[in-house]
Amino acid sequence: MSTVTVDSRPAPQLSRNLTNARLPKWAPAGVAVLSVALGAAIGAGGGLKSHLQWGLIAAVLFLVISYGVSAKVEGRRQAKDRLATSVVWVAFVAAVLPLASLTIYTVQQGAKVVDGNFLSHSMRNIIPSGPGGGIYHAIIGTLEQVGLATAMAAPIGLLTAVYLVEYGRGRLAKAVTFFVDVMTGVPSIVAGLFVLSVWNLALGFQYSGFSGSLALAILMLPVVVRSTEEMLKLVPNELREASYALGVPKWKTILQIVIPTAIGGITTGVMLAVARITGETAPVMMLVFGADAINTDPFNGPQANLPLFIWQQYANVNNDFGYARAWGAALVLIVFVMGLNLIARGIARWRSPKAGH
């Protein structure tokens, strides 16, 4: 019988170090501070007056220094990874800074005007170039017009999405999908011109808040359809099949199983669509026509609107009072849109599977 001998000697240790040197965690922040300082110094020394130019120089320096330091210490492979990460951070800062500066500036300018009197009075009997006045009539107009647009677009969009997901087959479904995609990219001015041509000129209806609501509903409809369609597609087919197995008809399954399951996402999509149309100005300028007095009837006579009010006040050249009222109305509009977005996020979180609803 042959015997097998096993070599019990320890394997030779690898002399090559498998771990590479790494930059400390504070290195990106340190490089960013250094890049900003160098960018400001180069901009000031070169006589560049625009801070935007300083920022561009700092961004380029941040990318170059990050890659160079990482390549020297960690190697080119890790340096490429850090370069990609640095590009993402630069893009993020470039996107956030204008938004943050716009919000801060609007708050600074609008906070000087917004008070109880500004929110509870209209512009009736107020000289455009003089002090006083408020946005109460514009707030009423915005709420009524957006509310009417939502009442028209939300049910139609919901039913259209249900048809596309649950029943849509063949050429009709493809045609509906195509036109929804086309409507998503339609400029707001085109929607306003369409309603003006058909509703006001061809049919002879007068300028009113309802005319503006028709255009806003056209802009809102594709957003509701797309968001609702995606939410309905996320509902597991097992729920539908279980309902069918119990003998429940399809329409009842959709009404009691599918829609309640996706109601959180559907509501969120509708709220985001409302936030999207609240700031539209072009169709409102052509259809609502604007008014200085309070008009609570959106079906009769011209009516005010917050975006239109902002444009009208800012159109008064060299008028500090008009500028101040415009910034105050802009602040109120931003708060309103931000509130809608927060409500949408809250509903989405409340109706999420993690919340148990």
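In what follows, the accompanying structure is described. Values in this document were obtained by computation on a predicted structure and should not be read as measured data.

**Quick word on the layout of surface pockets**
Remark: the empty space left among the atoms is shown by a probe the size of a water molecule rolled over them. Put simply, the largest pocket is a space of about 720 Å³. Of all the secondary structure elements, the ones that give two or more residues to the lining of the largest pocket are helix 1 (27-45), helix 2 (51-73) and helix 3 (76-110). The dominant element in the lining of the largest pocket, judged by the number of residues it contributes, is helix 2, at 11 residues.

**Quick word on the nonpolar core**
Ranked by size, the top nonpolar core spans 18 residues in total, and within it Ala149, Met220, Val224, Val270, Val274, Ile277 and Leu340 carry the most contacts. Among the elements of the structure, helix 5 (136-167), helix 8 (209-233), helix 10 (250-278) and helix 13 (320-350) are those that each provide at least two residues to this core. When residues of this core are assigned to their parent elements, the largest contribution, 6 residues, is made by helix 10. Setting aside chain neighbours within four positions, we find Met220 in contact with Ala149, Thr150, Ala153, Val270, Ala273, Val274 and Ile277.

**Here we look at the packing of aromatic side chains**
Throughout the structure, instances matching the rule amount to 8 aromatic pairs. Here Trp199 and Phe205 contribute two aromatic rings whose centre-to-centre distance is 3.9 Å and whose plane-to-plane angle is 10 degrees, an arrangement assigned as stacked. Between Phe210 and Phe299, the ring centres sit 5.2 Å apart and the planes meet at 35 degrees, which makes this aromatic pair tilted. On the criterion of sequence distance, the pair formed by Phe210 in helix 8 and Phe299 in the loop between helix 11 (282-287) and helix 12 (306-314) is long-range, its members being 89 residues apart. Its relative accessible area of 16% is what places Phe210 among the buried residues. Through a chain of ring-to-ring contacts, three or more aromatic side chains come together here, namely Trp199, Phe205, Phe210 and Phe299. The lysine or arginine in question, Lys250, covers the ring of Tyr167, its NZ or CZ lying 4.6 Å from the ring centre.

So, how was this worked out
- Residues numbered from 1 in each chain as written.
- Predicted model: local features only at pLDDT ≥ 70, side-chain atom pairs only at ≥ 80, totals over all residues.
- Heavy atoms only, no water.
- 1 Å grid on protein atoms, 1.4 Å probe; cavity = no way out; pocket = protein on both sides within 12 Å on 5 of 7 lines; lining within 4 Å.
- Points joined across faces, edges and corners; volume = space filled by probe spheres on them.
- Helix = DSSP H or I, 4+ residues; strand = E, 2+ residues; numbered from the N terminus.
- Core = buried A, V, L, I, M, F, W, Y, C linked by side-chain atoms within 4.5 Å.
- Buried < 20%, exposed > 50% of the residue type's maximum accessible area, 1.4 Å probe, protein only.
- Contact = heavy atoms within 4.5 Å.
- Phe/Tyr/Trp six-rings, centres within 6.5 Å; stacked < 30°, edge-to-face > 60°.
- Lys NZ or Arg CZ within 6 Å of the ring centre and 35° of its normal.

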